[in-house]
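Structural characterization, general
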Amino acid sequence: MAIFHFTVKIIGRSKGRSVISASAYLNGDVMKNEETGEFSRYTSKKEVVFSHLSMCANAPPEWQTVPEENIKRFMNSTRYKRATDKDMALRKFKTTFQKQRLWNEVLKVEKSSDAQLARSFEFSLPHEWSRVQQIQFTNLYIRRNFVEKGMCADWSIHDKGDGNPHVHLLVTMRPFNPDHTWGSKEMKDWAFVRDEQGNPIIDPSHPNWWQDKKNPERCGIRIPLLDNDGNQKTDARNRKQWKRVLTDATGWNNPKNCELWRADWAIECNSHLPPEEHIDHRSFARQGKVELPTIHEGANARKIAEKFQAGETDMPSWKAEENQSVKEQNDVIRMVQENLKKLSKLLEEWKGRLYDLRRKRRAFEDIRRIDSANRRTAGSDGRTLPGTADAGKPNSKTQRSDFGIEALKRRIAEIADIHTRYERIAADFREAESTRGRDPALEDLCSEYEQRKRDAAETERRIAAINQSRSRSGQNRSKDGQSVLITDHEDRILASDQDSSEALVNKGTSQIRENQQIPKPQKRQSVLKRLDEKKRIVAEREKEKEQNQSRRRGRSR
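Here we summarise the structure given alongside this text.

1. A look at the sheet that holds strand β4 (residues 48-54)
- Spatially, five strands are ordered β1-β5-β7-β6-β4 in an open sheet, and the strand pairing comes out antiparallel. Two strands in the sheet have a free side with no partner beyond their single neighbour: β1 (6-12) and β4. Ignoring which end each strand starts from, the neighbouring axes of this sheet average 15 degrees apart.
- The sheet contact formed by strand β5 (residues 116-124) and strand β7 (residues 166-172) spans seven bridges and is antiparallel. What sits directly across from F121, in β7, is L169.
- Helix α4 (residues 86-109) contacts β4, β5, β6 (153-158) and β7 of the sheet and is inclined by roughly 55 degrees relative to β4.

2. Quick word on a nonpolar patch on the surface
- A contiguous nonpolar surface patch, about 560 Å² in accessible area, is contributed by V332, M335, V336, L340, L343 and L347.
- Its location among the elements puts L347 in helix α9 (residues 318-375).

3. Let's talk about the pairing of β5
- Of all the nine residues making up β5, seven are buried; the element is thus mostly covered by neighbouring parts of the structure.
- Bridge count between β1 and β5: seven bridges; the pairing is antiparallel. Note that in β5 the partner of I11 across the bridge is A118.

4. Digging into the packing of aromatic side chains
- Per the counting criterion, the structure on display carries 22 aromatic pairs.
- Plain terms: the ring middles of W63 and W182 are 5.9 Å apart, the flat faces sit at 45 degrees to each other, and that makes the pair tilted. You can see W63 sitting in the loop between β4 and α2 (68-75) and its partner W182 sitting in the loop between β7 and β8 (186-190), a full 119 residues away along the chain. Grouping residues by exposure puts W63 and W182 together as buried.
- Relative to W265, the ring of F123 lies with its centre 4.7 Å away and its plane at 55 degrees, an arrangement referred to as tilted. Pair noted here: F123 is in strand β5 and W265 is in helix α6 (residues 256-270), with a separation of 142 residues, a long-range link. The pair formed by F123 and W265 is uniform in burial state, with each residue classed as buried.
- Aromatic ring contacts, followed pair by pair, group F4, F6, F121, F123, W129, F137, Y141, F146, W261 and W265 into a single cluster.

5. Let's talk about the packing of α2 against α4
- Remark: α2 packs on α4, axes separated minimally by 11 Å, with the N-to-C direction vectors making an angle of 135 degrees. It follows from the interaxial angle that α2 and α4 lie oblique. As α2 runs across α4, the sense of the crossing is right-handed. Contacts from N70, I71 and F74 in α2 reach A89, L90, F93, K94 and F97 in α4.
- Of the residues assigned to the contact of α2 with α4, the class counts are six nonpolar, one polar and one charged.

6. Quick word on the environment of L53
- Along the chain, L53 turns up in strand β4.
- The class of L53 is buried, set by a relative accessible area of 9%.
- Spatially, the C-alpha atoms of L53 and L169 are 9.8 Å apart, while their sequence positions differ by 116 residues.
- Those residues in contact with L53, other than ones at most four positions away along the chain, are T95, Q98, K99, L102, A153 and D154.

7. Here's the deal with the pairing of β7
- Burial runs high along β7: seven of the seven residues are buried.
- Residues H166, H168, L170 and T172 point to one face of β7 and V167, L169 and V171 to the other, with burial holding for every one of them.
- Of the pairings in the sheet, the one linking β6 to β7 comprises six bridges and is antiparallel in character. Its bridge partner lying in β7, W155 is registered against L169.

8. Observations regarding the pattern of salt bridges
- Following the criterion strictly, the structure yields 17 salt bridges and no others.
- Put simply, E110 and K185 hold a salt bridge, and the shortest N to O gap is 3.4 Å. Taken as a pair, E110 in the loop between α4 and β5 and K185 in the loop between β7 and β8 lie far apart in primary sequence, 75 residues in all.
- The class of E110 is buried, set by a relative accessible area of 5%.

9. A short note on unusual backbone geometry
- Of note, H180 is a non-glycine position whose phi angle comes to about 70 degrees, a positive value.
- Mapped onto the fold, H180 is located in the loop between β7 and β8.
- Judged by relative accessible area, which is 35%, H180 ranks as partly exposed.

10. A look at the nonpolar core
- The biggest cluster of nonpolar side chains holds 25 residues, and the ones touching the most others in it are F146, L169 and W265.
- If you list the elements that add at least two residues to this core, you get β5, α5 (131-145), β6, β7 and α6.
- A total of four residues in this core trace back to one element, the largest contributor, which is α6.
- Excluding its chain neighbours within four sequence positions, the residues that come into contact with L169 are R119, S120, F121, F123, I142, F146, A153, D154 and W155.

11. Let's talk about the environment of T181
- By the secondary structure assignment, T181 is in the loop between β7 and β8.
- Taking the relative accessible area as the measure of exposure, T181 reaches 33% and is therefore partly exposed.
- Along the primary structure T181 and P60 are separated by 121 residues, whereas in three dimensions their C-alpha atoms are 7.5 Å apart.
- Non-local contacts of T181, meaning those with residues more than four positions away in its chain, are made with P175 and F176.

Basis of the calculations
- Residues numbered from 1 in each chain as written.
- Predicted model: local features only at pLDDT ≥ 70, side-chain atom pairs only at ≥ 80, totals over all residues.
- Heavy atoms only, no water.
- Pairing = 2+ DSSP bridges.
- Helix = DSSP H or I, 4+ residues; strand = E, 2+ residues; numbered from the N terminus.
- Axes fitted to C-alpha atoms, helices over the stretch in contact; angles between N-to-C directions.
- Contact = heavy atoms within 4.5 Å.
- Patch = residues over 30% accessible without salt bridge, like charges linked within 9 Å, V, L, I, M, F, W, Y side chains within 5 Å.
- Areas by Shrake-Rupley, 256 points an atom, 1.4 Å probe, with all protein chains shown as cover.
- Salt bridge = Lys/Arg side-chain N within 4 Å of Asp/Glu carboxyl O.
- Buried < 20%, exposed > 50% of the residue type's maximum accessible area, 1.4 Å probe, protein only.
- Phe/Tyr/Trp six-rings, centres within 6.5 Å; stacked < 30°, edge-to-face > 60°.
- Parallel < 35°, antiparallel > 145°, perpendicular 65-115°, else oblique.
- Left-handed = near helix turned anticlockwise from the far one by under 90°.
- Nonpolar A, V, L, I, M, F, W, Y, C, P; charged D, E, K, R; others polar.
- Core = buried A, V, L, I, M, F, W, Y, C linked by side-chain atoms within 4.5 Å.

This is the structure we're talking about:
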């Protein structure tokens, strides 16, 4: 399995590190520091399997040539004579000599005590690649990200055969000019006024506006240098002084470059690896993983851990113990994740079962509702019909809505029902007359039915008049209770009309039942009496309220 490892460090004089020693280590060879005259020897390192130097386009070409006298001196040395492959030994010597000259030239130009000499990289190679693939893909990555940008790259591949092949890389930090001379890492520039995004503010009308004649894109509002009194400083020639800042001339020191280099190496590896072995340069937190990351142990920590396990030392490696604790915690986290996945799967199954049960229950309720409607045990509006078990129970909703226009509409519907029953009785009369001779009682009943039909039409007309009078009384309500009396009068008229209509219907149905033996319909309970009683109570309360108000006005006087 491929593992991502990518570190970036700076080799500088401030920490006392030597770039010659670092180059000799990654090449596994001998190098001389011409500044101090010291030699760095790492010939005993046998894990260096490949070494190469990549020079940029503007680097001096003479640095890549090796003098003949140096070649003859090496061929007369004992190391060359003992080498089994003399051609390979000679090529390695030439490469080492070129690297030695490069870094000694760096030491000559970097004179300050805190100078940064080189940037050091170390990143792992997938062990799934062959040696040829490791060299080829690493060379492509280094040329694309460093050499083509103007850096010189000194790199080698180390592999001890323990499944951890990796690359050591050193790159220069100072650019080359087109004439093959060293360039500047930093440059002084005017400090311009900038906006929130860090871009210079463009305002040619500002008095401190400045623009380079050779490079018009280099422009902005300069910031003056002020003294203690707040006045702009001037030099010996009475020239105004402006604030200056050091800027990166190459852009190589931008901290965002490290993220770009790491991401590009991950892309390079993933382009030559199967999907199940892809690597990611992001941390576990950025990837959204809950596992804890381990720390880098290093060779020394692993050696201490091996000695502790063999009983050769009493002190274990704290790095190895820390990683062991992290691994145990990750095992627990993975077990919890597996249990949560199983629980989630069970919850999905139970959710499906509950959905099926609810669907079956809704289907059963629909069937029961249809069956109840067919049996006519309840009306469509939820009110019980006569003859059911709940017919005698009070209905609070009906009682609350028995006032106003809704009550009149309900009375009109009841009168329409009575008319329908009249028509059904008349049809029965006609059928009885056609089957047998006319009965005098039936003739009297038919004449009375026609009279009541005319009365019903008159009742509808009076109901329309009542609606108009109610609308007028609602707008012009007086304090003497006349509107209440009008309403009581209207209710008495409607009650008398409906009672008389029901009496006629009952009389007609009894006579027809006697003659034709028609089953007696169930009597429908009327709510008009209760309405009259409520209207009377309301009128008494309003009258009593007005009397109390008149008494209070008299007392106040």
